[in-house]
Protein chains: 2
Amino acid sequence: MIEPSQTEKGELIVLSGPSGVGKSTVIAQLLKIRKDIHFSVSFTTRAPRPGEVDGVNYNFVSKEEFERMIAADELLEYAQYVGNYYGTSMKVIRDHLDHGVDVLLDIEVQGAGKVRAKCPEAVSIFVIPPSLEELSRRLHGRNTDSEDVILRRLERAREECRGCGDYDYIVVNDTVEHAADELRSILISRHCRTNKRIHLAEDIIG
Amino acid sequence: MIEPSQTEKGELIVLSGPSGVGKSTVIAQLLKIRKDIHFSVSFTTRAPRPGEVDGVNYNFVSKEEFERMIAADELLEYAQYVGNYYGTSMKVIRDHLDHGVDVLLDIEVQGAGKVRAKCPEAVSIFVIPPSLEELSRRLHGRNTDSEDVILRRLERAREECRGCGDYDYIVVNDTVEHAADELRSILISRHCRTNKRIHLAEDIIG
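From a predicted model like this one, the values you see are computed outputs, not experimental measurements.

Peer 1: Is there a simple way to think about the overall build of chain A in this case?
Peer 2: Counting its secondary structure elements, chain A contains eight helices and nine strands. A compact globule built from 206 residues would reach a C-alpha radius of gyration of about 17 Å, and chain A, at 18 Å, matches this within 12%. Its C-alpha atoms give chain A principal-axis dimensions of about 65 × 40 × 30 Å. For chain A, contacts bridging at least 24 residues in sequence account for 67% of all contacts bridging at least 6. With the model as given, the accessible surface of chain A reaches about 9600 Å², and the carbon-plus-sulfur share is 52%. With 27 positive and 34 negative side-chain charges, chain A shows a separation of 1 Å between the mean positions of the two kinds.

If you want it as structure tokens, here you go:
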């Protein structure tokens, strides 16, 4: 097996998609089949949803703590969404990449744009639902939001999908297994790129 | 499952690698797990090796027939290697690509360069052995060539590896399963590229 060596840098994978598309489930499935990936847990000031665990789904922090991190320049990017802050710690990511570990960022569209601008070598992937109707079904099935909120999310989802042309890849979440397999394939293919492997051929050429 | 539609063109995959690297075995494994790929069978004037089947490993033709195909401009590329012709039929490939079927070409370095020049949208993959020592072991294990021929092949292998920087991807054949999985992943990732999928997002944006 060719594994990322200590000297070969990891890949930074930026994953976005509209609210309700099922990114978290797809990521959970990917991390199950690829335990060597570091999933970057975002920081947020929003309240945990039922079942969400601090340090697993998000690092839940107060508004005051988040604003301290902004002031201390500890964040790769941050954004506000529906009145809450969401952000990504720069240091944790750099440490993993430098040790050859792939890092997966689950990040909304605004933040993804900022990461792409700061890290042009990052690979960006946009997850879309099979259709708008299916997304509506999934948002209703979640039973956590009012009809009003769902309609706003659907409208926002359509808007967010407008940005997908800026991403390198589009993955359709028709089934969790299929979408996770596509993510896994994209990751593997990134490590097979010639610029990542040319040193192995040079060893043969001598 | 998102399958290539009738209107979405297939991907042309150009696979090269030094003699003895085990490309045929890797391809057989890939075709076992991806039965929807069309493997383009090359035409050659060389004699079949033990176990090779006409129309499966190669289309074995006479020198006269091959030279007729050259004259009739029926070939995407052709080359001479150790006194024999090797070539690829253009028409068969175009038909499959137009019907959304991925086509895999197993082709030596000279021919691959010609295909890349004629079809810049093709994805090119170079298979390398884990090391030159391992390649030597494999060539000896095949028991079909004299020591002299093996030494010439090894020297040629090193030379051929010099061209791998022109390919899009490098796959290391350490184990057949691993190499085939990498090929499969590269193929899947090509279909996830944004320009291949943007129409699906446009359906959602409306």
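Peer 1: Would you explain the interface of chain A and chain B in this entry?
Peer 2: By a widely used convention, the size of an interface equals the accessible area lost when the partners come together. Taken residue by residue, the interface counts 36 residues in chain A and 36 residues in chain B. With both sides pooled, the region where chain A packs onto chain B buries about 3200 Å², and carbon together with sulfur makes up 65% of that total. Here chain A and chain B share four salt bridges between them. In this structure, the salt-bridge partner of D181 of chain A is R184 of chain B, at a minimum N-O distance of 2.6 Å. Going through the elements one at a time, helix 6 (147–161), strand 9 (169–172), helix 7 (176–192) and helix 8 (194–205) of chain A are the ones with two or more residues in the side of chain A that touches chain B. Examining the composition of the side of chain A that touches chain B, we find that nine residues originate from one element, helix 7 of chain A, more than from any other. Residues belonging to the side of chain A that touches chain B are distributed by class as follows: 20 nonpolar, seven polar and nine charged.

Peer 1: Where do I start with the pattern of salt bridges in this structure?
Peer 2: Under the counting rule described, the total for this entry stands at 32 salt bridges over all chains. Of the charged contacts, one joins E134 of chain B and R138 of chain B as a salt bridge, the two residues approaching to 2.9 Å between their closest N and O atoms. Separated by four residues within a single helix, E134 of chain B and R138 of chain B lie in helix 5 (residues 132–142), roughly one turn from each other. Where salt bridges share partners, they join E11, R190, R193 and K196 of chain A into one cluster.

Peer 1: Is there a simple way to think about the sheet that holds strand 7 (residues 103–106) of chain A in this case?
Peer 2: Two modes of strand pairing occur in sheets, parallel and antiparallel, and in both the strands are linked by backbone hydrogen bonds. All names here are of chain A. A sheet is described by the order of its strands in space; here five strands give the open sequence 2-7-1-8-9, paired in parallel fashion. Either end of the sheet is taken by a strand with one partner, and the two such strands are strand 2 (38–40) and strand 9. Mean inter-strand twist for the sheet, computed between neighbouring axes without regard to direction, equals 25 degrees. Looking at chain direction, strand 2 and strand 7 are connected through three bridges and run parallel. Along strand 7, the bridge assignment pairs F39 with L104. Packed onto the sheet, helix 7 meets strand 1 (12–16), strand 8 (123–128) and strand 9 and runs at close to 155 degrees relative to strand 9.

Peer 1: Even after reading the chapter, I still don't get the side chain of R46 of chain A, so can you show me in this structure?
Peer 2: Residue and element names in this part refer to chain A. Within the secondary structure layout, R46 lies in the loop between strand 3 (43–44) and strand 4 (59–60). A distance of 2.8 Å separates the side chain of R46 from the side chain of E52, its partner in a polar contact. Here R46 is in contact with E52, Y58, F60, N84 and Y86, once residues within four sequence places are set aside.

Peer 1: Got a minute to help me understand unusual backbone geometry in this structure?
Peer 2: What is expected of a backbone is that most residues other than glycine have negative phi and most peptide bonds are trans. Residue and element names in this part refer to chain A. The phi dihedral of D73 is positive, around 60 degrees, even though this residue is not glycine. Among the secondary structure elements, D73 is positioned in the loop between helix 2 (63–71) and strand 5 (75–81). The class for D73 is exposed, based on a relative accessible area of 57%.

Peer 1: Is there a simple way to think about the sheet that holds strand 8 (residues 123–128) of chain B in this case?
Peer 2: Residues and elements named next belong to chain B. Within the open sheet, the five strands sit side by side as 2-7-1-8-9. Their pairing is parallel. The open sheet is flanked by strand 2 (38–40) and strand 9 (169–172), the only strands paired with a single partner. This sheet shows a mean twist of 25 degrees between the axes of neighbouring strands, independent of strand direction. Direction of pairing for strand 1 (residues 12–16) relative to strand 7 (residues 103–106): parallel, over a ladder of four bridges. In the sheet register, V14 faces strand 7, and the bridge partner there is L105. In the packing of helix 3 (residues 90–98) onto the sheet, the strands contacted are strand 1, strand 2 and strand 7, and the crossing angle to strand 7 comes to about 150 degrees.

Peer 1: Please explain helix 8 of chain A as it appears in this structure.
Peer 2: The periodicity of an α-helix, 3.6 residues per turn, causes residues three or four positions apart to be oriented the same way. Residues and elements named next belong to chain A. When we look at burial in helix 8, the residues that qualify are T194, K196, R197, A201, I204 and I205. The buried residues of helix 8 all sit within an arc of 170 degrees when viewed along its axis, so they share a single face. Residues of helix 8 that are exposed and point more than 90 degrees away from the buried face comprise N195 and D203. G206 sits one or two positions beyond helix 8 and adopts a positive phi of about 80 degrees.

Peer 1: Where do I start with the state of the cysteines in this structure?
Peer 2: Working definition: the covalent bond between the sulfur atoms of two cysteines is a disulfide. All names here are of chain B. The full count for this structure, using the stated rule, is zero disulfides over all chains. As a non-bridged cysteine, C161 has C164 as the owner of its nearest cysteine sulfur, 6.1 Å distant. Assessed through its relative accessible area of 0%, C161 is described here as buried.

Peer 1: Just checking my understanding: could you explain the nonpolar core for this structure?
Peer 2: Soluble globular proteins tend to pack their nonpolar side chains together in the buried interior. Of all hydrophobic cores here, the largest spans 51 residues; its most connected members are L12, L104, L105, V115, I125 and I128 of chain B. When sequence neighbours within four positions are dropped, the list of residues in contact with V115 of chain B reads L12, V14, L76, E77, L105 and I107 of chain B. With 23 residues, the next largest nonpolar core counts C119, C161 and Y167 of chain A together with A201 of chain B among its residues.

Peer 1: In this structure, what is going on with helix 3 of chain B? I would like to understand it.
Peer 2: All names here are of chain B. Taken as a whole, helix 3 has its buried residues at M90, I93 and L97. Burial along helix 3 is one-sided: seen end-on, the buried residues are contained in an arc of 70 degrees. Trailing helix 3 by a residue or two, G100 shows a phi angle of about 80 degrees, which is positive.

Parameters and conventions
Residues numbered from 1 in each chain as written. Chains lettered and ligands numbered in written order. Predicted model: local features only at pLDDT ≥ 70, side-chain atom pairs only at ≥ 80, totals over all residues. Heavy atoms only, no water. Helix = DSSP H or I, 4+ residues; strand = E, 2+ residues; numbered from the N terminus. Rg over C-alpha atoms; globule rule 2.2 N^0.38 Å. Contact = heavy atoms within 4.5 Å. Areas by Shrake-Rupley, 256 points an atom, 1.4 Å probe, with all protein chains shown as cover. Lys, Arg positive; Asp, Glu negative; His and termini not counted. Charge placed at Lys NZ, Arg CZ, Asp CG, Glu CD. Buried area = accessible area lost by both parts, 1.4 Å probe. Salt bridge = Lys/Arg side-chain N within 4 Å of Asp/Glu carboxyl O. Nonpolar A, V, L, I, M, F, W, Y, C, P; charged D, E, K, R; others polar. Pairing = 2+ DSSP bridges. Axes fitted to C-alpha atoms, helices over the stretch in contact; angles between N-to-C directions. Polar contact = N/O pair within 3.5 Å; in protein donor to acceptor, adjacent residues only side chain to side chain. Buried < 20%, exposed > 50% of the residue type's maximum accessible area, 1.4 Å probe, protein only. Arc of directions from axis to C-beta. Disulfide = S-S within 2.5 Å. Core = buried A, V, L, I, M, F, W, Y, C linked by side-chain atoms within 4.5 Å.

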